[in-house]
Amino acid sequence: PPVGECPYLGTVQRLLLDFDFEKCCSVTLSPDHVYGCLVCGRYFQGRGQGTHAFTHSLEEAHHLFINLHSGRIYCLPDGYEVEDESLDDVKYN
């Protein structure tokens, strides 16, 4: 989808997000390539096919994830980056 047209922007649950936790995957406990689910707040490793974040997006229909290192937001499983001003409060929290 073109920039700003992600159909899942309305699924972000700001009250469930807490980025003060240790940035580790909730499954593997690895600190590498960790993404936060913007729907439920859990942390998962990776975003490519077969990763825990990718699997979570399919199993739970949670589609927006933030890279906890870079602050970039992605829609999974499609894999495109989401750039929308409505997410600035999440990115810079």
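From a predicted model like this one, the values you see are computed outputs, not experimental measurements. (Residues numbered from 1 in each chain as written. Predicted model: local features only at pLDDT ≥ 70, side-chain atom pairs only at ≥ 80, totals over all residues. Heavy atoms only, no water.)

With respect to topology, 5 strands assemble into an open sheet ordered β2-β1-β3-β4-β5, the strand pairing being antiparallel. Where the open sheet ends on each side, the last strands, each with one partner, are β2 (43-45) and β5 (80-82). Shown here is a sheet whose adjacent strand axes are inclined to one another by a mean of 40°, direction ignored. For strand β3 (residues 64-67) and strand β4 (residues 73-75), the ladder comprises 3 bridges, and the chain directions are antiparallel. If you follow Phe65 over to β4, its bridge partner there is Tyr74. (Pairing = 2+ DSSP bridges. Helix = DSSP H or I, 4+ residues; strand = E, 2+ residues; numbered from the N terminus. Axes fitted to C-alpha atoms, helices over the stretch in contact; angles between N-to-C directions.)

Attention shifts here to the nonpolar core. By size, the foremost hydrophobic cluster in this structure holds 16 residues, and its most contacted members are Phe19, Leu38, Leu64 and Val82. If you list the elements that add at least two residues to this core, you get β3, β4 and β5. Those residues in contact with Leu38, other than ones at most four positions away along the chain, are Thr11, Val12, Gln13, Leu17, Phe19, Leu64, Phe65, Ile66, Ile73 and Val90. Val39, Ala53, Phe65 and Leu76 belong to the second-largest nonpolar core, a separate cluster that totals 8 residues. (Core = buried A, V, L, I, M, F, W, Y, C linked by side-chain atoms within 4.5 Å. Buried < 20%, exposed > 50% of the residue type's maximum accessible area, 1.4 Å probe, protein only. Contact = heavy atoms within 4.5 Å.)

Applying the stated criterion across every chain yields a total of 2 salt bridges. Asp89 is the partner of Arg14 in a salt bridge, and the nearest nitrogen-oxygen pair spans 2.6 Å. Residue Arg14 is found in the segment before β1 (34-37), and its partner Asp89 is found in helix α2 (residues 88-91); the two are separated by 75 residues along the sequence. Asp89 sits in the partly exposed class, given a relative accessible area of 41%. (Salt bridge = Lys/Arg side-chain N within 4 Å of Asp/Glu carboxyl O.)

Turning our eyes to something else, we now look at the state of the cysteines. Applying the stated rule across the entire model yields 0 disulfides. Considering cysteine sulfurs only, Cys24 is the nearest to Cys25, which forms no disulfide, with 8.6 Å between them. By relative accessible area, which is 0% here, Cys25 ends up buried. Left without a disulfide partner, Cys75 is nearest to the cysteine sulfur of Cys6, which lies 4.1 Å away. For Cys75, a relative accessible area of 0% translates into the label buried. (Disulfide = S-S within 2.5 Å.)

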